[in-house]
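# Observations on the three-dimensional arrangement
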Amino acid sequence: MASGEEVKNKQVIFGDYITGFPKESDLKLTTATTKLKLPEGSTGLLVKNLYLSCDPYMRSRMTKHDRPTYVQSFTPGSPVTGYGVAKVLESGDPKFKQGDLVWGHTGWEEYSVITTESLIKIHHTDVPLSYYTGLLGMPGMTAYAGFYEICSPKKGETVYISAASGAVGQLVGQFAKLTGCYVVGSAGSKEKVDLLKNKFGFDEAFNYKDEPDLDAALRRYFPDGIDIYFENVGGKMLDAVLPNMRLKGRIAVCGMISQYNLERPEGIHNLMSLIVKQVRMEGFLVFSYYHLYGKFLETVLPYIKEGKITYVEDVVEGLENAPAALIGLFSGRNVGKQVVVVSRE
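Residues numbered from 1 in each chain as written. Predicted model: local features only at pLDDT ≥ 70, side-chain atom pairs only at ≥ 80, totals over all residues. Heavy atoms only, no water.

### Here we look at helix 7 (residues 293-305)
Put simply, the test is: In this description a helix means any DSSP run of H or I spanning at least four residues, a strand means any run of E spanning at least two, and both kinds are numbered starting from the N terminus. For a helix, the expected span equals 1.5 Å multiplied by the number of residues minus one. Only protein chains enter the accessibility calculation, which uses a 1.4 Å probe. A residue is then buried if its area is under 20% of the maximum for its type, exposed if over 50%, and partly exposed in between. Here, two residues are considered to be in contact whenever any of their heavy atoms come within 4.5 Å of each other.
When the terminal C-alpha atoms of helix 7 are compared, their 18 Å separation across 13 residues agrees well with the 18 Å that a helix rising 1.5 Å per residue should span. Considered for burial, the residues of helix 7 that qualify are Tyr293, Phe296, Leu297, Val300, Leu301, Tyr303 and Ile304. For helix 7, the secondary structure elements touched by its buried residues are strand 5 (101-107), strand 7 (120-121), helix 1 (138-150) and helix 2 (169-179). Downstream of helix 7 by a residue or two, Gly307 has a phi angle that is positive, lying close to 75°.

Next comes the structure, spelled out in structure tokens:
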């Protein structure tokens with residue numbers, strides 16, 4: 001397409017702030033027109049979006065917050081924004097040139113003008129580009145930072161991961177196995193449990209929906225207790241884990257998807273275990289660890305090429321299917337990392 005040409009630009013627009021469970025109707029598909037030209041004097045990039053990432057943290061952006069939070073809320077009437085992979089059509093920043101592939105924050109639309117702040121150039125294209133929304137993008141860095149930096153794992157330790165088949169959990173489990181740990185994960189369907197055991201190599205896995213007593217389930221899988229808990233769920237799951245932690249255990253608090261759609265978050269009763277067991281429980285945000293991205297790639301790329309790490313994506317085609325894909329995260333409809341293909345080219 002010629003520079004400056006006017007083209008149709010399909011977009012997913014955020015409707016208005018919500019409480020409770022999000023619905024597909026909170027996101028609207030529209031078609032605008034846009035000029036394939038950077039605004040005069042822009043230091044940003046004009047990009048063609050290829051792959052978009054659906055992530056649980058985006059639920060927080062659908063709510064208006066009274067207090068400052070780690071991510072800005074979406075703007076009603078504007079395109080949804082999130083992590084994605086894009087191709088540069090025009091650059092106003094000397095660090096990027098036409099034809100470069102990048103990952104970082106972009107719009108849920110076919111074409112976007114984006115800032116280059118915290119944008120990462122893709123140098124390794126011998127892996128699927130969609131991996132930069134997951135395994136080699138924000139979720140991959142989250143798994144890496146949370147497991148290695150927060151949990152300081154040692155060979156022979158016991159590791160429990162909730163929401164273990166998701167974008168982050170599947171990777172934490174494989175890192176733990178590569179470290180020589182005993183690994184158990186939980187998920188919400190038989191299909192996901194099979195995936196954990198047969199595809200990702202977890203030692204054990206269970207469907208939490210089949211366990212009326214989570215404490216008993218954890219005692220069954222961890223008779224001697226849990227050294228490391230990678231927390232993605234919160235609520236009743238966290239409460240069941242706390243008394244099952246071992247002395248000097250570590251809990252990396254990555255997310256709490258069970259709480260995101262509740263108007264009143266559930267309380268936790270077993271926090272006394274943190275004192276008795278001298279457990280360290282630490283929340284973290286991936287943004288604080290992006291300086292380790294080079295080190296992360298040095299670790300993970302060889303694992304991918306040697307077949308030591310496998311990654312499962314749930315791929316939907318077309319922007320028109322993006323709203324359903326995002327909302328589906330909160331009912332566990334996705335199997336693996338949820339990706340939206342805008343264009344494969």
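### Some points on the domain arrangement of the chain
The condition is simple: Start and end points for every domain follow an automatic or database-based domain assignment. Accessible area that two parts lose when put together, evaluated with a 1.4 Å probe and summed over both, is termed the buried area. Salt bridge criterion: a side-chain nitrogen from Lys or Arg within 4 Å of a carboxyl oxygen from Asp or Glu. Counted as a polar contact is a pair of N or O atoms within 3.5 Å, where, for protein atoms, one must be capable of donating a hydrogen and the other of accepting one, and residues adjacent in sequence contribute only when both atoms are in side chains. We call Asp, Glu, Lys and Arg charged. Ala, Val, Leu, Ile, Met, Phe, Trp, Tyr, Cys and Pro are nonpolar, and the rest, Gly among them, are polar.
As far as domains go, the chain holds domain 1 (5-134 + 312-341) and domain 2 (138-287). Here domain 1 and domain 2 have C-alpha centroids that lie 29 Å from each other. In total, about 1600 Å² of surface goes out of reach between domain 1 and domain 2, with carbon and sulfur atoms giving 65% of it. Counting across the interface, domain 1 meets domain 2 through zero salt bridges. There are four residue pairs in polar contact (both at pLDDT 80 or more) connecting domain 1 and domain 2. Each residue belonging to the side of domain 1 that touches domain 2 can be placed in one class, and the counts come to 12 nonpolar, seven polar and three charged.

### Re the pattern of salt bridges
Following the criterion strictly, the structure yields 21 salt bridges and no others. Of the charged contacts in the structure, one is a salt bridge between Asp100 and Lys97, with a shortest N-O distance of 3.2 Å. By relative accessible area, Lys97 is classed as exposed at 54%.

### What about the environment of Asn232?
Position of Asn232 relative to the elements: it lies in the loop between strand 11 (226-231) and helix 5 (235-241). Judged by its relative accessible area of 10%, Asn232 falls in the buried class. With 11 residues separating them in the primary sequence, Asn232 and Pro243 have C-alpha atoms 18 Å apart. With sequence-adjacent residues up to four places away left out, Asn232 is seen in contact with Ile161, Ser162, Ala163, Gly169, Cys254, Gly255, Met256 and Ile257. Within the local environment of Asn232, its side chain forms a polar contact with the backbone oxygen of Ser162, the two atoms lying 2.8 Å apart.

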